[in-house]
Amino acid sequence: MKKIWAPWRSKFICAGRQKKACIFCRAAISKDHKKNLIVDSSRYSFSMLNLYPYNNGHMMVAPKSHKPGLEQLSPAELTDIMGLLKKTIALLRKTLFPEGFNIGINTGKAAGAGFPGHLHIHVVPRWTGDTNFMPVSSDTKVISESLEALYCRLRKNVKKS
């Protein structure tokens, strides 16, 4: 039997047992964008790679302020986050050439939000055939590229735009 090693997932499993600090607030104030996987930012928002991606290129776009839902955003923040969402989709298209996207917002714990107090928008690139027997038969998702390599490719394309 072949094994697929994904030791970075242990951080996610262990983190579930501890009280979680808001990853978005921590990332928003950090100066170390690479460490926090922040790919781009605007006046009120930022985009970052998901540390535990559903698919290669899975990113999140979040406001810099700790607000739980769209209705708490000011008109300027709402316009800003939608502009950065649009820019993030364009960046992923330019870098990874996906055939489509799943874009979603989970607000509140009951809706599946891992950090229900801080709004964030998931952007998941999709390709025909990107789901296969692995998730169904072994509850395993294969991510084809390291976060570090993908971060460098995305940052290179952010600088070009």
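Definitions and cut-offs
Residues numbered from 1 in each chain as written. Predicted model: local features only at pLDDT ≥ 70, side-chain atom pairs only at ≥ 80, totals over all residues. Heavy atoms only, no water. Helix = DSSP H or I, 4+ residues; strand = E, 2+ residues; numbered from the N terminus. Buried < 20%, exposed > 50% of the residue type's maximum accessible area, 1.4 Å probe, protein only. Areas by Shrake-Rupley, 256 points an atom, 1.4 Å probe, with all protein chains shown as cover. Pairing = 2+ DSSP bridges. Axes fitted to C-alpha atoms, helices over the stretch in contact; angles between N-to-C directions. Patch = residues over 30% accessible without salt bridge, like charges linked within 9 Å, V, L, I, M, F, W, Y side chains within 5 Å. Salt bridge = Lys/Arg side-chain N within 4 Å of Asp/Glu carboxyl O. Core = buried A, V, L, I, M, F, W, Y, C linked by side-chain atoms within 4.5 Å. Contact = heavy atoms within 4.5 Å.

> Provide a residue-level description of the overall build of the chain, including the pertinent values.
A count of helical and extended segments in the chain gives five helices and five strands. Ordered by position from the N terminus, the helices and strands of the chain form the series α-α-β-β-β-α-β-β-α-α. Relative to its 161 residues, the chain shows a buried fraction of 38%. A total of about 10000 Å² of accessible surface is found on the chain, and carbon and sulfur atoms cover 59% of it.

> Any details on the sheet that holds strand β4 (residues 100-105)? Residues and values, ideally.
Overall, antiparallel pairing links the five strands, which are arranged β1-β2-β3-β5-β4 in an open sheet. Here the strands that pair on one side only, and so sit at the sheet edges, are β1 (38-41) and β4. Strand-to-strand twist of the sheet, defined as the mean angle between neighbouring strand axes without regard to direction, takes the value 20°. Relative to strand β2 (residues 45-49), β1 runs antiparallel, the two being bridged by three bridges. Across the sheet, Asp40 pairs through a bridge with Ser47, a residue of β2.

> Tell me about unusual backbone geometry, and please be specific about residues and values.
Not every positive phi belongs to a glycine, and Leu37 is a case in point at roughly 60°. As for its placement among the helices and strands, Leu37 is situated in the loop between α2 (23-29) and β1. Here Leu37 falls in the buried class, since its relative accessible area comes to 11%.

> An account of a nonpolar patch on the surface is needed here, citing residue identities and associated values.
A cluster of nonpolar side chains, namely Leu70, Leu78, Met82 and Ile105, defines an oily patch on the protein surface of about 280 Å² accessible area. Locating Leu78 in the fold gives a position in helix α3 (residues 75-96). Judged by its relative accessible area of 34%, Leu78 is partly exposed.

> Before we move on, can you summarise the nonpolar core with the specific residues and values?
Of all hydrophobic cores here, the largest spans 22 residues; its most connected members are Val39, Leu49, Val61, Leu92, Val123 and Leu154. Of all the secondary structure elements, the ones that give two or more residues to this core are β3 (59-63), α3, β5 (121-126) and α5 (147-160). Considering each element in turn, this core owes the most residues, seven residues, to α3. Excluding its chain neighbours within four sequence positions, the residues that come into contact with Val61 are Phe46, Ser47, Ile81, Leu84, Leu85, Thr88, His120, Ile121 and Val123.

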